[in-house]
Amino acid sequence: MGAHESMEHAEHAEHASGSNKKIALLIAVLALFLAISETLGKGAQTESISKNVEAANLWAFFQAKSIRRTVVVTAAEQGKLALAAADEAQKPAVQKQIDDWTKTAARYRSEPETGEGTEQLAEKAKHAEHDRDEATAKYHHFELASAAFQIGIVLASATIITGMMALAYVSGVLTIAGLFMTALGLWWPHLLHLH
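A few points on the structure. Just so we're clear, the structure is a prediction, and the values are computed from it rather than from any experiment. (Residues numbered from 1 in each chain as written. Predicted model: local features only at pLDDT ≥ 70, side-chain atom pairs only at ≥ 80, totals over all residues. Heavy atoms only, no water.)

## Here's the deal with the pattern of salt bridges
Once the charged atoms of two side chains with opposite charge are near each other, the side chains can pair.
Piece 1. For the structure shown, the criterion picks out nine salt bridges.
Piece 2. Salt-bridge contacts for Glu88 lead to Lys91; the nearest nitrogen and oxygen are separated by 3.3 Å.
Piece 3. Take Glu88: its relative accessible area is 61%, and that puts it in the exposed class. (Salt bridge = Lys/Arg side-chain N within 4 Å of Asp/Glu carboxyl O. Buried < 20%, exposed > 50% of the residue type's maximum accessible area, 1.4 Å probe, protein only.)

## Comments concerning the nonpolar core
Piece 1. Residues Ile23, Ile27, Leu30, Leu34, Ala145, Phe149, Ile153, Ala156, Ala168, Met181 and Leu184 constitute the largest nonpolar core, which totals 11 residues.
Piece 2. Elements supplying a minimum of two residues to this core: helix H1 (3–85), helix H3 (118–162) and helix H4 (165–187).
Piece 3. Residue contacts for Leu30: discarding those within four places in its chain leaves Phe149, Gly152, Ile153, Ser171 and Thr175.
Piece 4. Ranked by size, the runner-up nonpolar core spans five residues in total, among them Ala55, Leu58, Leu121 and Ala125. (Core = buried A, V, L, I, M, F, W, Y, C linked by side-chain atoms within 4.5 Å. Helix = DSSP H or I, 4+ residues; strand = E, 2+ residues; numbered from the N terminus. Contact = heavy atoms within 4.5 Å.)

## Describing the packing of aromatic side chains
Piece 1. This model, assessed by the stated rule, comprises three aromatic pairs.
Piece 2. Consider the rings of Trp59 and Phe62, whose centres lie 5.2 Å apart with planes at 85 degrees: the pair is edge-to-face. Separated by three residues within a single helix, Trp59 and Phe62 lie in helix H1, roughly one turn from each other.
Piece 3. Assessed through its relative accessible area of 24%, Trp59 is described here as partly exposed. (Phe/Tyr/Trp six-rings, centres within 6.5 Å; stacked < 30°, edge-to-face > 60°.)

Printed below as a string of structure tokens:
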């Protein structure tokens with residue numbers, strides 16, 4: 001091997017070493033972005049599950065209050081029938097019971113001071129469902145971002161092995177796609193519908 005060939009071989013090795021350093025840096029950046037998107041995704045997933053449980057509990061409480069209200073309204077209606085048949089001495093007591101049941105039924109429907117009337121419970125449950133849907137949409141975006149970053153890492157690693165720089169460029173495109181999906185998850189989770 002001549003001196004000229006040795007020089008060319010050394011230059012080629014130095015160029016490959018410089019390229020490999022750049023690819024290694026790309027892999028490190030992708031790994032950082034992957035860690036961020038995975039952390040955001042886990043947070044969104046936990047929030048989604050938590051809000052789903054909250055909404056289910058609120059709807060169960062709503063149903064229980066609705067059943068209680070129906071029972072009390074039915075009792076008041078039966079009391080009205082009993083009032084017509086009651087003798088004059090019993091009528092004030094029966095009327096008082098009907099009034100109490102009517103007030104209780106109204107309280108079960110709306111109880112702003114405690115927030116436990118059916119109207120307030122339904123509103124809280126709908127709000128929890130909205131928060132759940134928001135967190136779920138974020139989670140889907142962060143999952144897609146993570147996938148893009150993972151595939152980017154694989155392709156960048158394959159670039160070092162194969163020397164095919166086209167794989168590094170595809171990895172770069174996947175990095176941009178992953179960043180885009182992360183941004184959508186953070187700020188515009190309902191821009192794309194990913195169900």
